[in-house]
Amino acid sequence: MTQKIWDDHLVAEFGDGLDLVRMDRVVLHDRGGGTALHSLSRRNRRVRSPTRVFATADHIVDTIAGRTGSTMVPAGPEFLAALRAGCREHDITLWDLDDERQGIVHVISPELGIALPGCTLACHDSHTCTVGGVGALGFGMGASEIEHVLCTDTLVLARPPVMRVELTGSLPRVSTAKDLVLWLIGVLGAEGGLEHIIEFSGPTVQRMGVEQRLTLCNMAVELGARTGLVAPDDATFEYLHGKPWAPHDKMWDAAVSYWQDLVPDDGAFYDRSCSLDCGALAPQVTWGTNPEQVTTVDEPIPDPLSLSPERRAAADRALRYMGLVPGATLRGTPLDGAFLGSCTNGRLSDLRAAARILRGRRVARGLRALCVPGSTHVRRQAEREGLDRIFYEAGFEWREAGCSLCFNAGNDGFGPGQRVVTSTNRNFENRQGTGTRSHLASPVTVALSAIAGQITDARQLAGGA
């Protein structure tokens, strides 16, 4: 699949291992988009194709009701002002705080049909790999690269090696795409897909809904991958049909015909391949300070001495930071907070899954819980379904859309030593507040743990929620 998309977008081969590749669409956000546009203006350069560029306010914005754009991030208002000015000057579509289409860049790209099967998409953010869930080849990049794309509609890239990860078996009812990708990172390691494009395939992936595939691809970067991909199928086409920036009418039929040919050919060559059975996958929770440090909720935390020498020092430091000891299990560990949201698990299906558990229940006394939808569209739809009332009555704060506590921005944060179960994608030191201890988990585990006030095994739902 990678080769098909790459060859369709190849502009030139430089002969030194580098290719010039056309980028179909560019998405900017407030934490750098305005800076890139200002840099172009300062050098008297223009955006080549403004109609292919989209921008949103998401990373550094407040998520409290009635927000005005003030943030706790240093220079946050200036970032927002720069994005607005740059979009005006270069005639770029901007979805600002008061727009129904505003949201986290990786949530709205598929939601609006900006990311499409077989298209190439560039964004100055590492989790651009998310859009691979609809079959788009997304690349996260730095400032100079995004300026190059804005000016030329192209990007200079070395053709990455391709890794096939085939997933078989039926996921147990309480296990989710988030559990699956955490497990994969634990099994393969944080460098398991280093610099590769990972094509996720197999019956497990084919049975997933599109939003689960987006979650799977979202954390391909935590495997060290350049990006991730899932081949489009009927579920993809149904998800994208009618989206504002997807093709319509006769163009839709032509697009589907093209998309159907993107599936890998029989006998396609891969630089690396692995096949993993997910049939016995249990809910996963991280114990350390990177996504690789993960285990089943009732299994013992590993002894650093049992790990390879290159991982031992990191495990020692992680256990000290997290206040945990080898041999203990995470189940029953007391919590101070719970967070549901982010580009990993802030979609409507995630909120529905959590709401099913929270209905008629309350979070534990003294525990702070937040739900931040991934987009304004998700928020509005959740409110139409009454999910906001379920979260509110359960004791969750119901917020506006944004990145929020994925990286301690927008007037949100937990305190030193506080322990949080979170549906986000990174558990680095200080990620959700200075000294805050973050445990990555699925929305199901987050909701159950918030009720119990401690990390909880979602398999207790086996007999029904």
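The structure this text deals with has already been given above.
Computed from a predicted model, the values in this text were never measured in an experiment.

Rules used throughout
Along each chain, residue indices are assigned from 1 in the same order as the chain's sequence is written. Confidence filtering applies because this is a predicted model: local features only for residues at pLDDT of at least 70, side-chain atom pairs given and counted only at 80 or more, and all residues used for totals across whole chains, interfaces and linings. Each side-chain value is worked out from all heavy atoms of the structure, with water and hydrogens disregarded. Put simply, DSSP marks the helices as runs of H or I at least four residues long and the strands as runs of E at least two long, and each gets a number from the N terminus on. To get the radius of gyration, use the C-alpha atoms; to get the globule rule, take the number of residues to the power 0.38 and multiply by 2.2 Å. Only protein chains enter the accessibility calculation, which uses a 1.4 Å probe. A residue is then buried if its area is under 20% of the maximum for its type, exposed if over 50%, and partly exposed in between. Reported accessibility uses the Shrake-Rupley method at a 1.4 Å probe radius. Residues are deemed covered only where the shown protein chains occlude them. What counts as a salt bridge is simple: a side-chain nitrogen of Lys or Arg found within 4 Å of a carboxyl oxygen of Asp or Glu. When two rings of Phe, Tyr or Trp (its six-membered ring) have centres within 6.5 Å they constitute a pair, described as stacked for plane angles under 30 degrees, edge-to-face for angles over 60, and tilted for the intermediate range. Only when the NZ of Lys or the CZ of Arg is both within 6 Å of the ring centre and within 35 degrees of the ring normal is a charge said to sit over the ring. Paired strands are those between which DSSP finds at least two bridges. All axes here are fitted lines through C-alpha atoms, helices being fitted over the stretch that makes contact, and every angle between N-to-C directions spans 0 to 180 degrees. Contact criterion: two residues are considered in contact whenever any of their non-hydrogen atoms come within 4.5 Å of each other. In this analysis a 1.4 Å probe is tested at points of a 1 Å grid over the protein atoms alone, and where it fits but cannot get out there is a cavity; an open set with protein on both sides within 12 Å along at least five of seven lines is a pocket; lining residues have an atom within 4 Å of a point. Grid points are joined across faces, edges and corners, and a volume is the space filled by probe spheres set on the points. Residues are grouped as follows: Ala, Val, Leu, Ile, Met, Phe, Trp, Tyr, Cys and Pro are nonpolar; Asp, Glu, Lys and Arg are charged; every other residue, Gly included, is polar. Note that the arc is computed from the directions linking the helix axis to the C-beta atoms. Nonpolar side chains (Val, Leu, Ile, Met, Phe, Trp, Tyr) within 5 Å and like charges within 9 Å form the patches, drawn only from residues with over 30% relative accessible area and no salt bridge. The path from the first strand over the helix to the second decides the hand: if it runs clockwise while the strands point away from the viewer, the crossover is right-handed.

Let's talk about the overall build of the protein chain
Okay, step 1: In terms of regular secondary structure, the protein chain is built from 16 helices and 19 strands.
Okay, step 2: Its C-alpha atoms give the protein chain a radius of gyration of 21 Å, within 12% of the compact-globule value 23 Å for 465 residues.
Okay, step 3: Its C-alpha atoms give the protein chain principal-axis dimensions of roughly 55 × 55 × 45 Å.
Okay, step 4: Here the protein chain, with 465 residues, has 60% of them falling under the buried criterion.
Okay, step 5: Element-wise, carbon and sulfur atoms account for 49% of the exposed surface of the protein chain, whose accessible area totals about 17,800 Å².

Concerning the pattern of salt bridges
Okay, step 1: Within the structure shown, the criterion is met by 26 salt bridges.
Okay, step 2: Notably, a salt bridge pairs Arg159 with Asp7, separated by 3.1 Å at the nearest N-O pair. Highlighted residues: Arg159 in the loop between strand S8 (154-158) and strand S9 (162-168) and Asp7 in helix H1 (residues 2-8), separated in sequence by 152 residues.
Okay, step 3: For Asp7, a relative accessible area of 37% gives the class partly exposed.
Okay, step 4: As a salt-bridge pair, Asp233 and Arg213 come within 2.8 Å of each other at their nearest N and O atoms.

Re the packing of aromatic side chains
Okay, step 1: Inspection of every chain in the model, using the stated rule, returns eight aromatic pairs.
Okay, step 2: Here Phe54 and Trp95 contribute two aromatic rings whose centre-to-centre distance is 5.6 Å and whose plane-to-plane angle is 15°, an arrangement assigned as stacked. Note that Phe54 is positioned in strand S4 (residues 53-56) and Trp95 in strand S5 (residues 93-95), a separation of 41 residues in sequence.
Okay, step 3: With a centroid separation of 5.5 Å and an interplanar angle of 75°, the aromatic rings of Phe391 and Phe396 are classed as edge-to-face. One exposure class covers both Phe391 and Phe396, and it is buried.
Okay, step 4: An aromatic cluster of at least three residues, connected via ring pairs, comprises Phe54, Trp95 and Trp245.
Okay, step 5: The ring of Tyr239 has Lys243 lying over it, and the distance from NZ or CZ to the ring centre is 4.3 Å.
Okay, step 6: If you follow Arg368 out to its NZ or CZ, it ends over the ring of Phe414, 5.5 Å from the centre.

Overview of the sheet that holds strand S12 (residues 272-277)
Okay, step 1: Spatial strand order, S11-S10-S9-S12: four strands in an open sheet with parallel pairing. The sheet terminates laterally at strand S11 (227-230) and S12, the two strands that pair on one side only. Taken pair by pair, the neighbouring strands of this sheet meet at an average axis angle of 20°, ignoring direction.
Okay, step 2: Direction of pairing for strand S10 (residues 197-201) relative to S11: parallel, over a ladder of four bridges. In the strand pairing of S11, Glu199 is matched with Leu229.
Okay, step 3: Strand contacts of helix H8 (residues 210-218): S9, S10 and S11, with the helix running at about 155° to S11, the strand carrying the most contacts.

Here's the deal with empty space enclosed by the protein
Okay, step 1: Within the structure shown, the criterion is met by one cavity of 30 Å³ or more.
Okay, step 2: For the largest cavity, the calculated volume is near 30 Å³.
Okay, step 3: What lines the largest cavity is simply Met23, Asp24, Arg25, Val26, Ser49, Arg52, Val53, Val149 and Asp153.
Okay, step 4: Of the residues that constitute the lining of the largest cavity, the class distribution is four nonpolar, one polar and four charged.

Examining helix H14 (residues 376-384)
Okay, step 1: Among the residues of H14, those classed as buried are Thr376, Val378, Arg379 and Ala382. Taken end-on, H14 shows its buried residues confined to a sector of 160°, consistent with a single buried face.
Okay, step 2: Against helix H4 (105-111), helix H13 (348-358), helix H15 (387-394) and strand S17 (396-398) lie the buried residues of H14.
Okay, step 3: Two residues or fewer past H14, Gly386 is found with a positive phi of approximately 80°.

Comments concerning the environment of Arg213
Okay, step 1: Of note, Arg213 is situated in helix H8.
Okay, step 2: When the C-alpha positions of Arg213 and Gly133 are compared, they lie 4.6 Å apart, and in sequence the two are 80 residues distant.
Okay, step 3: Non-local contacts of Arg213, meaning those with residues more than four positions away in its chain, are made with Gly133, Val205, Gln206, Met208, Val230, Ala231, Asp233, Ala235 and Thr236.

Here's the deal with a nonpolar patch on the surface
Okay, step 1: On the surface, Phe14, Leu18 and Val156 cluster together to form a nonpolar patch covering roughly 220 Å² of accessible area.
Okay, step 2: As for its position among the elements, Val156 is in strand S8.
Okay, step 3: Judged by its relative accessible area of 33%, Val156 is partly exposed.

Remarks on the pairing of S9
Okay, step 1: As paired elements, S9 and S10 share five bridges and run parallel to each other. Bridging across to S10, Val162 finds its partner in Ile197.
Okay, step 2: Running through helix H6 (residues 177-188), the crossover from S9 to the neighbouring parallel element S10 is right-handed.
Okay, step 3: Judged from the six bridges that link them, S9 and S12 form a sheet pairing that is parallel. Paired with Arg164 across the strands is Ser273, a residue of S12.

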